[in-house]
Structure formats: C-alpha cells, structure tokens
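Fold and geometry: a report
So the chains spell out like this:
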Amino acid sequence: MEGMSSSSKNILWGTALVLLAGLAAGCEDAARKPVQARNPASGRTAGVTTATASAAQAPAVIPELPLSHPGARPLLLAPTVPDGKRYLMQKVEEKFAAGEQNFKAGHLEAARKDFDDAVDWMLESGYDPNGDARLSELFHRVVDTVYGYELQAFRAGDGFSEAPAVPAAIDEVAEMTFPVDPRLKARAEEAAKNISHDLPLTVNDEVLSFLNFFQTPRGRAIVETGLRRAGRYREMIARVLSEEGMPQDLIYLAQAESAFQPLALSRAGARGIWQFVAWRGNEYGLRHTWWVDDRQDPEKATRAAAQHLRDLYGMFGDWYLAMAAYNCGPGNVQKAIERTGYADFWELYRRNVLPKETKNYVPIILALTLIAKDAAHYGIHVDPDTPVPADSVRPGRAIDLRLVAETIDADVETLRALNPALLRLATPDDASFELRLPVGTAAKFSAGIADIPADKWVSWRRHRVETGETLTSIAKKYRVTPVAIAEANNLEKGAALDAGEKLIIPATPPAAETKRRLVSYRVRKGDTLGGIADRFSLDPDDIRKWNRLSSGRVSRGMVLRLYTLGGMPEATAAKGRGRTKKKAPRTAGAASASAGPGEGSRP
C-alpha cells in the first residue's frame, strides 16, 4: 500500500467499508428471519424444538477477517503522540547544546537566548523536575552549567569582552602625500652613507616627503611614541631577529606599522605590533581563538614576522620588494612585476602598479629608520621605556585574571599589559599556556593559588576585607552565602573580620545547594526590585538581566526567575584591628564540598 497514490488508497478503503457494512446488514437480516430446518426423512419442513431453536438463534462466530498480511507493517491512521517527558528532554537538550556551542564560539547573546529557552522549557512544562530521576538529572545539569556561564560571562560582562584595540599607526599616514623640503636632503644623504645600517637606505623625493611629515607636530608625536615604546621590546626583537638570521633594521617596520602597540588594530583587521591579518598569522603559527590572539603577543608575533620576511626575501631577492609584499601580499607584487617586467620597487612605484598604501609603505619605513638613527639632529629627544621583566608560570587550567591579581597583590591592568594576547579576563583552558606575572611573584602565586581547587579558578575569588564589611555584605557582593564564605575560610559563625584580611570567596555555589539556585518568585503587593534583590542576596541588575526587564519596576503577579543561594542574617562588622577567631584547620578529608582546602591566606 505504500506505493499507492492517495486517491487509490481512498478507493480501497471505501470499498472495504462498503463490504463490511454489507456483511453487518446481512447478519442483522438473518437474525430477524425464522430459522427453519428440513426433515430429511419426511421431506417436510418442521419447526425446531425449543432446545434446537435456542441453539440456532445463538450468533454465528465469524473468524477475524484478514485485512492485512501477517508480515506487513500496520498502517497508522493517526500520528503517534510522543511521550511528553521524552519530548521535553529532547527539546531541552537541543537548546542546551546550541547554547554551549554559541557560548564557546563567543556569541554570548545567542547563547543567552538558547539557555533561557532551555530553562523555560523545564519551568513551563508542568512537570516536577524532582519527581522523575531523568528530569531531575537533566534539570540540575542545565541549571548548573547555565549558572556557571552566567557567573563567567553574563554577570562579568567586562571580563568577557575583548580588550579595546587602538588604531594602527600605519593607517594614519599610509595614504597621505606630503611636500618635499629640499633642506632635508643633504643631511639625509649624509646619514645614509655614514650611519650603521643592515638594510639599504635610499634617499629620494618619496622618502624626503615623509621625513618632512615627521617634522610636523603630528608626525613628530608618532615618531616619539614609537621610539619611547620601542624601549620595551628592542632587546627581545633584536634577539629574535638575530636567532632567525634577519637584519636588525627590520625593527623599524614594526615602528611604522604599530608604534610598538600590541593592541594596534588596522582598518583591514591586522593586529599587533607586526600587524598580521588572521589567516597570514595562522600560516606562521599565530593562533586566534575566543580567548587568545597570538598576533598580540609581541615575542610570538616577532618570530612569525621574521620568518615571513625571510620567506618573502627568498621569493623576491630584494628587501624593498619583500617589505612591499609584507604589506599587500606577495601575489600583488608578483602581478606588478609580471605586468611591467621590472623586479624593482622604485620602478613599480613610478609605474603606479602597486596599491597607494604599499607605495608609501617602504618610504615611511626608510624615513623612520633615518630619523631613529639620527634622532638628535631632528630635534627628537625621548626617554625609551625600559623592558618589563616578568616571571612565567603555567597554571595548567583556565584561571580568572582577577583571582591572579588578588592572589599576588597586583592590579588587573598590569597583568593585561604583561599578557596582551589575552582577549578576556581569563586564560584559556590550555596546559601549555604561559601566563606572565610581575617579576618576583611566581612563588607567591603558586603558594597562594594552592588554597583554591583548580576547577574553581575561573569562578572563585579573593577579597581583602575593608573596615565595616561583614560576611553578609561580602556575600551579597559576590552572590554567595555567608555560610559558604565562612566554611571556605574556616571561620566560626558570626566571627568578626579584620580589616585587611584576605578571604577566599567560593563564587560558584556547591553542588549540594543546586536545588536552591533557580527560583521562580511571584511578585507580591508592595514588592520592589531592590527589596527582592536584598531578600535573596542578589544584585538588582542581575534580576533585570535574567528577566529582560527594561526598567527597575516590577508588577504584582509577575513571575521572576532568580538564581540564588539565599542568605542569612549576619551583623558582625569588620574591625580596624584585632584578630579573627578561627577553628583549627580541617583535614582535606573532613572538608565539606563547599569549603576551600585549608585556611585563607593573609597578606
């Protein structure tokens, strides 16, 4: 029947129904007619006896009609209704998986919507998640994960937004043209002959025009910024160029590109002090993920640039053509050579077969080289930045930079400056990743971080107690319970806090309290957003965000979604002096799931 058209199936079923109706009608007529039997001996028709008549009047047994072949698949006349719980779990899993995929790809708004949908399916289904083992496991797994992501990204939006980029220096001057000052020519030609250099130094009108620009207030500021910042990286760049067998004067390419700003971003999307676009950087081992962009790592990018320039020089056999190819790509330079028959940068310049930015690129580098090597003559006096020494550690796990800063008593901006390749306020979950710390702090970091379980490094924090703070006020700030902080630090209930004391903050609630994380709260008469937030130890902005409220007003009867652990009254304020009374340290085996391993460290 599967091969039949719909009209053929209708005819067949109609015929079957007519036959069935006829059979039914025949049975009814037979029941109404008197039953007669013929006496075979006499040939006469006679009435049956009472017993015989009763037997004759019994309904005949009709065998089951063979409407389908025993081996055939039954035809369903109505769609199958899926099991409600199974369907719910399927939809929740789909939304949850989509949310995780979007979150890991960095699409936070899409992830937020997927996670909201997953939770809404559970809350609005009518099923009690705790009434079924499968639903309970799925519900708590989804809420655990979503809550963790909320802590990592949605609540700490600044921590999961990329560090702001700065404009690339090359964008400001690459497409400009400037008049030539004849007075600059003699000095430039003399310098080109007498100063030490390991790249060819050509002095012509194109180079002189940019020498003139770099004498203007704006041009001078660009030069001074580059020469000052060069001090941070000069030793490293000189070492890497030497290791790769490259000319030392290639450092001025980086000065032209970015003025040695690791966060420099060009209009074309090139990044870092060497201005790599993503695909070219990937060719030379510079990875770009949601967490890390190696193009912004000064040393890794310097090595990649040295290797790329070596390849380009091997391709063209000329440093000016190699620089041009670094800017616009070797394919464009090769096409220009094929069109003209000249493998000479200045000839390609005159024949106007290179992009305008590339035509100016080489003269800019040469002008900056001349100025940098003879800065005093051009009236430029700068104190170069000193290299920033650093310790390197391999955490082995993802870790929040705020926790690192709190552990070693540094500020987050110092850590970001030391680790410009990090796009977020957290390191990747990569065992090979090296985190740079202020020099002399590696041992302090290793000792301090040992107090916190490694799987809590992206969520737990440290807090230095200020005068007047209580466990309740601190707990509200980090959205945890006072009990959790007390247990993580082996504090007695109601213990006084010392100003300046450091506490471990278990910012991710323990698994044992999962059931209390997600709360549906119906707004009552007289409720305000601030009052609800205080009641559940939450931030009003979080409640607005979770429920997509456009304002701070809530209406009676409105149902709010809250992620909470509740709170407990605690009123003992931090004192300006004195010591906190503590329990004896617990053994690791005796520690509860929510407590940190051992006492919180002190400064």
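Read on for an overview of the structure. These numbers come from a predicted model, not from an experiment.

Quick look at the packing of helix α9 (residues 217-243) against helix α10 (residues 251-258) now. One can describe the packing of α9 onto α10 by two numbers: an axis separation of 9 Å at closest approach and a directional angle of 140°. Considered as vectors, α9 and α10 are oriented oblique to each other. Viewed along their axes, α9 and α10 form a crossing whose handedness is right-handed. Between α9, through V223, G226, L227, R234, I237 and L241, and α10, the contact on the second element is made entirely by I251, Y252 and Q255.

Here the structure, examined in full by the defined rule, presents 27 salt bridges. One salt bridge in this structure joins D409 and K444, with 2.7 Å as the shortest N-O distance. Here the residue D409 occupies a position in the loop between α17 (401-408) and α18 (412-418), and K444 occupies one in helix α19 (residues 442-449), the gap between them amounting to 35 residues. Taking relative accessible area as the criterion, D409 reaches 39% and is therefore assigned partly exposed.

The residue D181 is located in the loop between α6 (169-173) and α7 (185-194) in this model. For D181, a relative accessible area of 13% translates into the label buried. Looking at D181, its side chain comes within polar contact range of the side chain of R183, at 3.0 Å.

With that out of the way, let us pick up the packing of helix α8 (residues 205-213) against helix α16 (residues 356-373). Relative to each other, α8 and α16 sit at 60°, their axes nearing to 8 Å. The pairing of α8 with α16 is recorded here as oblique in orientation. α8 and α16 meet at a crossing whose hand is right-handed. When α8 is examined against α16, the residues E206, V207, F210 and L211 are found in contact with a partner set consisting of N360, P363, I364, L366, A367, L370 and I371. Its residues assigned to classes, the contact of α8 with α16 shows 9 nonpolar, 1 polar and 1 charged.

With that settled, the discussion passes to the packing of aromatic side chains. Under the counting rule described, the total for this entry stands at 9 aromatic pairs. With a centroid separation of 6.1 Å and 45° between ring planes, the pair formed by F96 and F115 is classed as tilted. Note that F96 is positioned in helix α3 (residues 84-105) and F115 in helix α4 (residues 108-123), a separation of 19 residues in sequence. Just as F96 is buried, F115 falls in that class too. With a centroid separation of 6.1 Å and 65° between ring planes, the pair formed by F276 and Y326 is classed as edge-to-face.

About the thresholds
- Residues numbered from 1 in each chain as written.
- Predicted model: local features only at pLDDT ≥ 70, side-chain atom pairs only at ≥ 80, totals over all residues.
- Heavy atoms only, no water.
- Axes fitted to C-alpha atoms, helices over the stretch in contact; angles between N-to-C directions.
- Helix = DSSP H or I, 4+ residues; strand = E, 2+ residues; numbered from the N terminus.
- Parallel < 35°, antiparallel > 145°, perpendicular 65-115°, else oblique.
- Left-handed = near helix turned anticlockwise from the far one by under 90°.
- Contact = heavy atoms within 4.5 Å.
- Salt bridge = Lys/Arg side-chain N within 4 Å of Asp/Glu carboxyl O.
- Buried < 20%, exposed > 50% of the residue type's maximum accessible area, 1.4 Å probe, protein only.
- Polar contact = N/O pair within 3.5 Å; in protein donor to acceptor, adjacent residues only side chain to side chain.
- Nonpolar A, V, L, I, M, F, W, Y, C, P; charged D, E, K, R; others polar.
- Phe/Tyr/Trp six-rings, centres within 6.5 Å; stacked < 30°, edge-to-face > 60°.

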